[in-house]
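Each chain is listed here by its residues.
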Amino acid sequence: MNRELSIGILGGGQLGMMLCQASKEIGINTHIYCPDEDSPAKHYSNKFTCKDYLNEKEIINFSNSVDIITYEFENIPKETLELINDNKLRPGIKSLEQTQDRLIERKLLEKLNIPYAPYKELNDEEDFNYSISNFGDAIIKTRRFGYDGKGQISVNQKTNFDKNISSLFNQSIIEKKIPFEFEFSQVSCRDIFGNVFHFPLTRNIHENHILKHSYAPLDLPNDLEEYAREITKKIISDLDHVGVLTVEFFKTKENILVNEIAPRVHNSGHWTIEGCSSSQFKVHMQAVSGIKIIQPKLLNECHMVNLIGDEINDWINKKSDSDVNIHLYHKNEIKNGRKMGHLTYIKDKNIL
């Protein structure tokens, strides 16, 4: 590999931090562009630019300073990406356009004949009444900028229509609440040659709408595991996506349904740092740099736990050992509901 290769990363959160850490292992220089001066990735990148995403001059300078640009979260303004050469941006604009808006994402699933929860655009009171009558229990979800439960309201036939609901018109969908057995995710990667591989499936448990536990590998019946991978491959290929992409699923009594698509490395894939021969972060940077990807091997059965808010205080002075690996994000301010770090417990070692 060319050790002088420089990859720019839009976003400087913990995902960007771990992308930078992985890049150092494989000889790739990183340049973080982020408007947050205190972002976790700042101290791990080779270069750091703290400017607004809509600063045209700085985005162009950033683009000119690197060979390739990728991103660590999906809520980047489209205007920012349009300033970057399509050949330099991996994944491309299409992956963001199709996944950062829930309505457009649902239409993508419909086009690809992929199962998802029934939904309706929420544009007026008639849409609300129709949905409540037909769905019963439902969730109003903002089309953009929703994560960790933000931008979601549970409603049912007893819910009174009010200004809080009407304020969400023309920017939300209303989706039938699906009874499911559990949630799981498929983290996959595609290279510039069109090769696709999949990490083992991961079972996820949320608390207060925030991912708390991930267990891998998830043992699903072979037909459902293969179906989840077929769905993910269909999505990642249709988007012409280069790099890691994650699909979140609901396991229902009869089937599996797609809940969300994340066009990036994902919280539920953090366990791959200790659990696989190559982590999701390493293979993402390899894929976007133009390297032909190789299927990572499963090494350990893992249990990942997110440290939320002041839970970080119990671990900040401890060190990793053979049973638990401690990852701290070095965020300056502890907030309720904020991801401050994660733990990865090695459950069964040397599975191979």
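The rules we used
- Residues numbered from 1 in each chain as written.
- Predicted model: local features only at pLDDT ≥ 70, side-chain atom pairs only at ≥ 80, totals over all residues.
- Heavy atoms only, no water.
- Buried < 20%, exposed > 50% of the residue type's maximum accessible area, 1.4 Å probe, protein only.
- Helix = DSSP H or I, 4+ residues; strand = E, 2+ residues; numbered from the N terminus.
- Pairing = 2+ DSSP bridges.
- Axes fitted to C-alpha atoms, helices over the stretch in contact; angles between N-to-C directions.
- Parallel < 35°, antiparallel > 145°, perpendicular 65-115°, else oblique.
- Contact = heavy atoms within 4.5 Å.
- Phe/Tyr/Trp six-rings, centres within 6.5 Å; stacked < 30°, edge-to-face > 60°.
- Lys NZ or Arg CZ within 6 Å of the ring centre and 35° of its normal.

A closer look at the pairing of strand S6 (residues 138-142)
Within S6, 5 of the 5 residues are buried, which leaves the element mostly enclosed by the surrounding structure. Side chains of S6 alternate between two faces, with Ala 138, Ile 140 and Thr 142 and Ile 139 and Lys 141 buried alike. Of the strand pairs in this sheet, S6 and strand S7 (residues 152-155) are connected by 4 bridges, and their pairing is antiparallel. Note on S7: the bridge partner recorded for Lys 141 is Gln 152. For S6 and strand S8 (residues 172-176), the ladder comprises 5 bridges, and the chain directions are antiparallel. Considered in S8, the bridge of Lys 141 is made with Ile 173.

Thoughts on the packing of helix H1 (residues 14-25) against helix H10 (residues 280-288)
Interhelical geometry of H1 versus H10 gives an angle of 70 degrees and a closest axis separation of 8 Å. Taken as axis vectors, H1 and H10 run roughly perpendicular relative to one another. Within the contact between the two elements, H1 uses Leu 15, Met 18, Leu 19, Ala 22, Ser 23 and Glu 25 and H10 uses Phe 281, Lys 282, His 284 and Met 285.

Some remarks on the packing of aromatic side chains
Overall, the coordinates contain 10 aromatic pairs when judged by the stated rule. Taken together, the aromatic side chains of Tyr 33, Tyr 53, Phe 62 and Phe 73 make up a single cluster linked through ring pairs. In this structure, Lys 120 packs its charged tip against the face of Tyr 130, placed 5.1 Å from the ring centre. The cationic tip of Lys 318 hangs over the ring face of Trp 315; the distance from NZ or CZ to the ring centre is 4.7 Å.

Quick word on the sheet that holds strand S5 (residues 119-122)
Strand order in this open sheet of 4 strands is S5-S8-S6-S7, and the pairing throughout is antiparallel. Two strands close off the open sheet at either side, each with one partner strand: S5 and S7. Across the sheet, the mean angle separating the axes of adjacent strands is 25 degrees when strand polarity is ignored. The sheet contact formed by S5 and S8 spans 4 bridges and is antiparallel. Bridge pairing in S8 places Glu 121 opposite Ile 173. Each of S5, S6, S7 and S8 is contacted by helix H5 (residues 102-111), which is oriented at about 145 degrees to S5, the strand it contacts most. The strands touched by helix H6 (residues 125-135) are S5, S6, S7 and S8; relative to S5, the strand with the most contacts, the crossing angle is about 160 degrees.

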